[in-house]
Amino acid sequence: MLHENDIEHRFHLLEQAIGQASQACSAERNVPGELRDSVQRLDRHSDTAKEVLLSQDQPRIHKLMHDMERLSERARQVCINVPHLSAHMRGAVSYMHGQLMELKRDLRIS
């Protein structure tokens, strides 16, 4: 597992990525509700995620990461399946998903 500072840094990158996806949702016209909902829920999860990650409570960390991965994957699938979304929106969601997967990998969560 990473050191606490490494976890904080990786999580900070994820928070930024979620913020970018949230801003892209706000700027984009005709965002599907499922995409908007997924990004909003990820944003809410990130509000408490840092505390959970630093708690070293493995069951809570696994549940958090599983929930966030599910939401991120849902957002990514919407971007794949909805052709009218902008490249900016797709890129923001892809980056967010990638940052989450990097954190998950670094935490060694399968």
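I will try to describe carefully the structure that is included in this document.

Criteria and cut-off values
Residues numbered from 1 in each chain as written. Predicted model: local features only at pLDDT ≥ 70, side-chain atom pairs only at ≥ 80, totals over all residues. Heavy atoms only, no water. Salt bridge = Lys/Arg side-chain N within 4 Å of Asp/Glu carboxyl O. Helix = DSSP H or I, 4+ residues; strand = E, 2+ residues; numbered from the N terminus. Buried < 20%, exposed > 50% of the residue type's maximum accessible area, 1.4 Å probe, protein only. Core = buried A, V, L, I, M, F, W, Y, C linked by side-chain atoms within 4.5 Å. Contact = heavy atoms within 4.5 Å. Axes fitted to C-alpha atoms, helices over the stretch in contact; angles between N-to-C directions. Parallel < 35°, antiparallel > 145°, perpendicular 65-115°, else oblique. Left-handed = near helix turned anticlockwise from the far one by under 90°. Nonpolar A, V, L, I, M, F, W, Y, C, P; charged D, E, K, R; others polar. Polar contact = N/O pair within 3.5 Å; in protein donor to acceptor, adjacent residues only side chain to side chain.

Brief notes about the pattern of salt bridges
- Tallying each qualifying case throughout the model produces 10 salt bridges.
- Between D37 and R41 there is a salt bridge, with the nearest N and O atoms lying 3.8 Å from each other. Of this pair, D37 and R41 both sit in helix α2 (residues 33–55), 4 residues apart, roughly one helical turn.
- Overall, the relative accessible area of 27% leaves R41 in the partly exposed class.
- Each of R10, E102, R105 and D106 takes part in salt bridges that share partners, so that together they form one network.

Some thoughts on the nonpolar core
- Counting residues in each nonpolar core, the largest one holds 33 residues, and the members touching the most others are L35, L53, M65, M68, M96 and L107.
- Elements with a contribution of two residues or more to this core: α1 (4–27), α2, α3 (58–81) and α4 (87–106).
- Setting aside its immediate chain neighbours within four residues, M96 contacts L14, A17, I18, A21, V39, L42, S72 and A75.

A closer look at the packing of α2 against α4
- One can describe the packing of α2 onto α4 by two numbers: an axis separation of 13 Å at closest approach and a directional angle of 30°. Between α2 and α4, the crossing angle belongs to the class labelled roughly parallel. Crossing of α2 over α4 shows left-handed handedness. Contacts between α2 and α4 involve L35, V39, L42 and L53 from the first element and M89, V93, M96 and L103 from the second.
- A class-by-class count of the residues in the contact of α2 with α4 yields 8 nonpolar, no polar and no charged.

A few points about the packing of α2 against α3
- Two elements in contact, α2 and α3, have axes separated by 9 Å at closest approach and are oriented at 155°. Relative to α3, α2 is oriented roughly antiparallel. As for how α2 packs across α3, the hand of that crossing is left-handed.
- In terms of residue class, the contact of α2 with α3 is built from 13 nonpolar, 5 polar and 8 charged.

Re the side chain of D106
- Relative to the helices and strands, D106 is located in helix α4.
- Among the polar contacts made by the side chain of D106, one reaches the side chain of R105 at a distance of 2.7 Å.

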